[in-house]
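Residues per chain are reported as follows:
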Amino acid sequence: MHKHSTAARPTAVAALALAAALATLVTVPTAHAADADDYAVTLAGDTATTDYTHRTVDLTGTLTRTDGTPVADAPVRLEESVLFDTWNPWGDPIDPTEWETRDVGTVRTDAEGDFTLQDVPADRVEDRPSPFLFPRHQVMFRAIYDTDPTDNHMAFADTTVRVRPVTSAITYRVNKTTVREGDTLVVKGRVAWPAGHGPIAGTRVFLRTY
């Protein structure tokens, strides 16, 4: 008859328990930092169209996780882009949109993940003349939540409002209709639009010859 020693059992049991614990630690997934894909942003304006008299927009939105859980007290950056059509007489396959973009502020979400920014001008506000020639009469707003500004990856949402343009007129004349090589032309003209829609002085006129 063979006898088994019970003295080795506690050691064997301890070894098995340790192995099981190690196996459990290995199989638990490691935690990861939240990134932009874990969040959803919405953005809306209180009007679809603005004009010279009513040029501001109230912006509202939400920031949640993708499962719908609101994100409270989080910074959301808001941008405004005045849109222009690209001048492309050559027909090149380039981006048809030019953008003049500026920051309009950072707001923080409330306990429900909501945010608001009121009285945002849906208009060009730069002091310098625009380098772009053909306004699209659209202003796009963007809300951005960026968990890591170094990775160029963010959660965002856009909303666009139309800008009702003012009808303007341009007339001009040249001092010669027949020219020879070396002649100088003088071009004179006038730009006009309805009174009460801002100063005309300083308006750029683009002159192109063929």
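Could you give an account of the overall build of the chain, naming the residues involved and the relevant values?
Within the chain, the secondary structure is distributed over one helix and 10 strands. Counting across all 210 residues of the chain, residues that qualify as buried make up 20%. Sequence separation of 24 or more characterises 61% of the internal contacts of the chain that already satisfy a separation of 6 or more. Surface exposure of the chain reaches about 15100 Å², of which carbon and sulfur atoms provide 55%.

Any chance you could break down the sheet that holds strand β3 (residues 56-65) for me, citing the residues and the numbers?
Sheet architecture is open: three strands sit in the order β1-β3-β6, paired in antiparallel fashion. With partners counted over all chains shown, the strands left at the sheet margins are β1 (39-45) and β6 (114-121), one partner each. With direction set aside, neighbouring strand axes in the sheet form an average angle of 20°. Where β1 lies against β3, seven bridges are found, and the strand directions are antiparallel. Paired with A40 across the two strands is T64, which belongs to β3.

Can you lay out the sheet that holds strand β8 (residues 155-163) for me, pointing to particular residues and giving the numbers?
Hydrogen bonds between backbone groups are what pair the strands of a sheet, and the pairing can be parallel or antiparallel. Overall, mixed pairing links the five strands, which are arranged β2-β8-β7-β4-β5 in an open sheet. Edge positions in the sheet fall to β2 (49-50) and β5 (97-108), since each of these pairs with one other strand and no more. Relative to β8, strand β7 (residues 134-145) runs antiparallel, the two sharing eight bridges. Following the sheet pairing, V139 is matched in β8 by V161.

Go over unusual backbone geometry, please, and point to the residues and values.
Despite not being glycine, D73 shows a phi value in the positive range, around 50°. Tracing the sequence through the fold places D73 in the loop between β3 and β4 (75-85).

So what's going on with the nonpolar core? Residues and values would help.
Across soluble globular proteins, nonpolar side chains show a tendency to be buried alongside one another. In terms of nonpolar packing, the biggest core is built from 25 residues, with V41, L43, L63, L78, F115, F141 and A143 touching the most fellow members. At the level of secondary structure, the elements contributing two or more residues to this core comprise β1, β3, β4, β5, β6, β7 and β8. Apart from residues no more than four positions distant in its own chain, L78 is found in contact with L43, R102, D103, V104, G105, V107, F115, L117, R142 and A143.

So, the pattern of salt bridges: which residues are in play, and what are the values?
Summed over the entire model, instances satisfying the criterion amount to 10 salt bridges. Across the salt bridge formed by D73 and R108, the nearest N and O atoms sit 2.8 Å from each other. Taken together, the residues D73 in the loop between β3 and β4 and R108 in strand β5 connect sequence positions 35 residues apart. Taking relative accessible area as the criterion, R108 reaches 48% and is therefore assigned partly exposed. Between E100 and R124 there is a salt bridge, and its shortest N-O distance comes to 2.6 Å. In this pair, E100 is assigned in strand β5 and R124 in the loop between β6 and β7, connecting sequence segments 24 residues apart. Under the relative-accessibility criterion, E100 is labelled buried at 10%. The exposure class assigned to R124 is partly exposed, which follows from its relative accessible area of 25%.

The rules behind each value
- Residue numbers restart at each chain and count upward from 1, following the sequence in its written direction.
- A pLDDT threshold of at least 70 governs which residues receive local features in this predicted model, and a stricter bar of 80 or more applies before side-chain atom pairs are shown or counted, although totals over entire chains, interfaces and linings include all residues.
- Note that water and hydrogens are dropped before the side-chain values are worked out from all heavy atoms of the structure.
- Put simply, DSSP marks the helices as runs of H or I at least four residues long and the strands as runs of E at least two long, and each gets a number from the N terminus on.
- For each residue, the accessible area found with a 1.4 Å probe, counting protein chains only, is set against the maximum for its type, and the residue is called buried under 20%, exposed over 50%, and partly exposed in between.
- Contacts: residue pairs with any heavy atoms within 4.5 Å of one another.
- For the accessible areas, the method is Shrake-Rupley and the probe is 1.4 Å, while residue cover comes only from the protein chains on display.
- Any two strands are treated as partners once DSSP identifies two or more bridges connecting them.
- In this analysis an axis means a line fitted to C-alpha atoms, helices contributing only their contacting stretch, and an angle means the value between N-to-C directions, from 0 to 180 degrees.
- We call a set of buried Ala, Val, Leu, Ile, Met, Phe, Trp, Tyr and Cys residues a nonpolar core when their side-chain atoms join them within 4.5 Å.
- What counts as a salt bridge is simple: a side-chain nitrogen of Lys or Arg found within 4 Å of a carboxyl oxygen of Asp or Glu.

Honestly, that's just the spatial picture; any functional story needs more than this.
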